Amino acid sequence: MPTDQHLACTAHPVPASDEGWLPVGDGHRVHWSAHGNPAGLPVVVLHGGPGSGSSARHLSFFPLDRCRVVLMDQRGCGQSTPQGGLEANTTAHLVRDVVALRRHLGVAAWLVVGGSWGATLAMAVAQADPAGCLGVLLRAPFLGGADDLDWFCAGAGRLRPQAHAHFLALPGLAGAGPAPAAAAVIEAYAQALAQGDVAALQRWLHWEATLEQVQSPPDVAASWPPPERQAELLARGRIQTHYLRHACFLAPGALLAGLASLGQRQAAIVQGTLDWVCPPANAWAVHQAWPHSRLYWVSGATHSPFEAAMAEAMKQLVFHFVAHGCFPDGDRCSVLAQSGAASC
């Protein structure tokens, strides 16, 4: 079996070998596309957000000559219909959709990959469908609980106080005081975005970008959505605030508590040490709760999966799993880059 260095990585997205829409009930159809070798290792990539939609850029992490990678737009996202639909759109619905798509495609089990909110969903899928998971690769896990919401709406403001003040200057928060509760912030944005308030959308996007772009924070004008993308981004924002205002439809502590039931099911967690969106404490909590997980720190990496160091780490982990059926020993992706494949 070849080492990771001998596996070819696709640097540019390729056309889908197959795609379609799967009716999942409640008036929803989810769009999916399959890429790479139909006989290769099955992989499903769960996008972030909630609400963002899949991206062909994620294909660059996989050796497509040896993988069949399925991209799936979650309910209301991307090319799924209806765009921005909130009815019957909960975490439980999304989990059932992933399992339904696996069965629809005739896949017995696949490698489940997700980052940020996609990692949240991947953990829920693994608990609901353990036999359908060959393994789970999580990047920068989001846990969806009160700590995450408090961090996004308040705690992270200590890192970028001026941008945070701009975020809280939403007219709907007038009178809420200088430190409104996370629930009040999310509710105000949910109402504004439901009404199609583009100025509110701009504030939301700017705050997200500020936390994602640690080394070069954006200016306000750079976050203004172009007219041709406003409908798409408003739909994304409506779905995102829909999930956040309902604590991602997860019972407090249930996601982490359920990881203990996964037994020998293995997981890799890759985390940037400078991630201001999903802080490193989340990755550590998942690692402690998942008995057979391995945690890989990427020094200096932030939240984006496409930063050079993070992208390289993702490729190293994927390539090792493809070649060996497991994730490598060790806890630093920088070590993997230097030493190549490790024994399992």
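Calculation criteria
- The residue numbering used here restarts from 1 in each chain and proceeds along that chain's sequence as written.
- Totals for whole chains, interfaces and linings use every residue, but because this is a predicted model, local features are given only for residues with pLDDT of at least 70 and side-chain atom pairs only at 80 or more, for both listing and counting.
- Remark: hydrogens and water are excluded; side-chain values derive from all non-hydrogen atoms of the structure.
- Residues are said to line a cavity or pocket when one of their atoms sits within 4 Å of a point; the points come from a 1 Å grid over protein atoms alone, cavities being sets where a 1.4 Å probe fits but cannot get out and pockets being open sets with protein on both sides within 12 Å along at least five of seven lines.
- Grid points are joined across faces, edges and corners, and a volume is the space filled by probe spheres set on the points.
- Counting from the N terminus, the helices are the DSSP runs of H or I reaching at least four residues and the strands are the DSSP runs of E reaching at least two.
- Residue classes follow a fixed rule: Ala, Val, Leu, Ile, Met, Phe, Trp, Tyr, Cys and Pro count as nonpolar, while Asp, Glu, Lys and Arg count as charged, and any other residue, Gly among them, counts as polar.
- Criterion for a salt bridge: a side-chain nitrogen of Lys or Arg within 4 Å of a carboxyl oxygen of Asp or Glu.
- Throughout this description, buried means an accessible area under 20% of the type-specific maximum (1.4 Å probe, protein chains only), exposed means over 50%, and partly exposed covers the range between.
- Lines fitted to the C-alpha atoms define the axes, with helices restricted to the stretch that makes contact. Angles between their N-to-C directions range from 0 to 180 degrees.
- Angle categories are assigned with fixed cut-offs, so that under 35 degrees is roughly parallel, over 145 is roughly antiparallel, 65 to 115 is roughly perpendicular, and the rest are oblique.
- Each helix crossing is assigned a hand: it is left-handed if the near helix lies turned anticlockwise from the far helix by less than a right angle, otherwise right-handed if that turn is clockwise.
- Any two residues having at least one pair of non-hydrogen atoms within 4.5 Å are treated as being in contact.
- Residues grouped as a nonpolar core are buried Ala, Val, Leu, Ile, Met, Phe, Trp, Tyr and Cys residues, joined through side-chain atoms within 4.5 Å.

Chemist: Would you mind going over the layout of surface pockets with me for this structure?
Modeler: One way to see where empty space is left: roll a probe the size of a water molecule over the atoms. Approximately 360 Å³ is the volume attributed to the second largest pocket. In this structure, the second largest pocket is lined by 18 residues; those nearest its centre are L143, G144, G145, A146 and D147. Of all elements in the fold, only α3 (146–153), α8 (254–257) and α9 (280–289) reach the threshold of two or more residues within the lining of the second largest pocket. With 4 residues, the single largest contributor to the lining of the second largest pocket is α3. The residue makeup of the lining of the second largest pocket, split by class, is 12 nonpolar, 4 polar and 2 charged.

Chemist: What's the story with unusual backbone geometry in this structure? I'm lost.
Modeler: Omega for the bond connecting G49 with P50 falls within 30 degrees of zero, at -5°, which places this linkage in the cis form. Looking at the secondary structure, you find P50 in the loop between β3 (41–46) and β4 (67–72). Here the amide bond leading from T81 into P82 is cis, since omega sits at -5°, within 30 degrees of zero. Looking at the element boundaries, P82 is found in the loop between β4 and α1 (91–104). One non-glycine residue, D26, adopts positive backbone phi at about 60°. Its location among the elements puts D26 in the loop between β1 (18–25) and β2 (28–36). With a phi angle near 50°, A88 is a residue other than glycine that sits in the positive phi range. On the secondary structure map, A88 appears in the loop between β4 and α1.

Chemist: Teacher, can you tell me more about the pattern of salt bridges here?
Modeler: Here the idea is simple: oppositely charged side chains can pair when their charged atoms come close. Applying the stated rule across the entire model yields 7 salt bridges. A salt bridge links R102 to D129; the nearest nitrogen and oxygen atoms lie 2.9 Å apart. Of this pair, R102 sits in helix α1 while D129 sits in the loop between α2 (117–128) and β6 (133–139), and the two are 27 residues apart along the sequence. Residues R102 and D129 agree in their burial class; the two are buried.

Chemist: Looking at this model, I keep getting lost on the packing of helix α5 (residues 182–194) against helix α6 (residues 198–212). Mind explaining?
Modeler: How two helices pack is summed up by the angle between their axes together with the distance between the axes. Between α5 and α6, the least distance of the axes is 8 Å, while the angle of their chain directions is 135°. In terms of orientation, α5 and α6 fall into the oblique class. Crossing handedness for the pair α5 and α6: left-handed. For the pair formed by α5 and α6, the contact residues are Y189, A192 and L193 on the first element and A200, L201, R203 and W204 on the second.

Chemist: Looking at this model, I keep getting lost on the nonpolar core. Mind explaining?
Modeler: The tendency in soluble globular proteins is for nonpolar side chains to be buried as a group. Of all hydrophobic cores here, the largest spans 74 residues; its most connected members are W110, L138 and W290. If near-sequence neighbours (up to four positions away) are discounted, W110 is found in contact with P42, V43, V44, V70, V98, L101, R102, L105, G132, C133, L134 and G135. Membership of the second largest hydrophobic core comes to 27 residues, among which are V45, L111, M310 and V318.

Note that every value here comes from positions in space, so none of it alone points to a role or purpose.
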